[in-house]
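Commentary on secondary and tertiary structure
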Amino acid sequence: MTEMINTIELATELTVAWLGNSNTRAATDDVLAFLQAMHETLVKLETPDAGPAETEVETDQHAPAVSARKSLASPDYILSMIDGKPYRTLRRHLSSHGLTPDEYRQRYNLKADYPMVAPSYSETRRTMANKIGLGRRARAKATEE
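Residues numbered from 1 in each chain as written. Predicted model: local features only at pLDDT ≥ 70, side-chain atom pairs only at ≥ 80, totals over all residues. Heavy atoms only, no water.

1. Quick word on the overall build of the chain
Along its length, the chain carries 8 helices and 2 strands. Here the chain, with 145 residues, has 17% of them falling under the buried criterion. In the chain, the proportion of contacts linking residues at least 24 apart, taken out of those at least 6 apart, comes to 42%. About 11300 Å² of surface is accessible on the chain, with carbon and sulfur atoms providing 54% of the total. (Helix = DSSP H or I, 4+ residues; strand = E, 2+ residues; numbered from the N terminus. Buried < 20%, exposed > 50% of the residue type's maximum accessible area, 1.4 Å probe, protein only. Contact = heavy atoms within 4.5 Å. Areas by Shrake-Rupley, 256 points an atom, 1.4 Å probe, with all protein chains shown as cover.)

This is how it looks when you write it as structure tokens:
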């Protein structure tokens, strides 16, 4: 029984350390899931017979939080398939999860042209760039020659 208490205590200490990180933003459900995952991992580490094949199968399967169609339903944002939250641009969100846009598309079986930026945000940036004159110098030089 003392071995089980040690793994529970260690899992609790790891969870407290994780929550103590200023970059951690977690809902109450996430805390419980993290604590359970830490405990399961510690129990697996205690038993040397547990093979890594089980964990490889689990990590290869990623269920999307929303469908691809629903993720692109609004022109103002894109819903992340990782957590279902809205973002104007997915690049920073993906990098915080250690993914590149190509890895994200591959993980959720998305087409190569799946957008990483919401259409209205892209249009706003395009309008602003045109307004300040980006790209005009290159065109002016090409017409002079």
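Next comes the rest of the description.
2. A short note on unusual backbone geometry
Phi is positive for N109, which is not a glycine, with a value near 55°. Given the relative accessible area of 72%, N109 is considered exposed.

3. So, the nonpolar core
In this structure, M81, L90, L94, Y104, L110, Y114 and M116 are the most contacted members of the largest nonpolar core, which totals 13 residues. For Y104, the contacting residues outside a window of four places in its chain are L79, S80, M81, I82, L90, L94, L99, L110, Y114 and M116. (Core = buried A, V, L, I, M, F, W, Y, C linked by side-chain atoms within 4.5 Å.)

4. A closer look at the pattern of salt bridges
Within this structure, the stated rule accounts for 2 salt bridges. The closest approach of N and O atoms between R105 and D102, which form a salt bridge, is 3.4 Å. Linking R105 with D102, this pair stays in helix α6 (residues 101-107), spanning 3 residues, or about one helical turn. For R105, a relative accessible area of 14% puts it in the buried group. A salt bridge links R126 to E123; the nearest nitrogen and oxygen atoms lie 2.8 Å apart. (Salt bridge = Lys/Arg side-chain N within 4 Å of Asp/Glu carboxyl O.)

5. Some details on a nonpolar patch on the surface
The grouping of M128, I132 and L134 at the surface amounts to a nonpolar patch, some 330 Å² of accessible area in total. Tracing the backbone through its elements, the reader meets L134 in the loop between α7 (119-132) and α8 (136-144). (Patch = residues over 30% accessible without salt bridge, like charges linked within 9 Å, V, L, I, M, F, W, Y side chains within 5 Å.)

6. Quick word on the side chain of S71
On the secondary structure map, S71 appears in helix α4 (residues 68-71). Among the polar contacts made by the side chain of S71, one reaches the main-chain carbonyl oxygen of A68 at a distance of 2.7 Å. Discounting residues that sit within four places of it in the chain, S71 has contacts with V66, Y77, I78, L79 and Y114. (Polar contact = N/O pair within 3.5 Å; in protein donor to acceptor, adjacent residues only side chain to side chain.)

7. Regarding the environment of A63
Mapped onto the secondary structure, A63 falls in the loop between α3 (53-60) and α4. According to the relative accessible area criterion, A63 is exposed, its value standing at 68%. Along the chain, A63 and R107 lie 44 residues apart, while their C-alpha atoms are 9.2 Å from each other. Once residues lying within four places of it in the same chain are set aside, the contact partners of A63 are M81 and Y108.

8. Things to note about the confidence of the model for the chain
Across the chain, the average pLDDT comes to 82, with 82% of residues at 70 or higher. Confidence, expressed as mean pLDDT per element, reaches its minimum in the chain at α3 with 48 and its maximum at strand β2 (residues 86-87) with 95. Note on residues 54-59: pLDDT is under 50 here. Beyond four places in sequence and across chains, it has 1 contact. (pLDDT = per-residue confidence, 0-100.)

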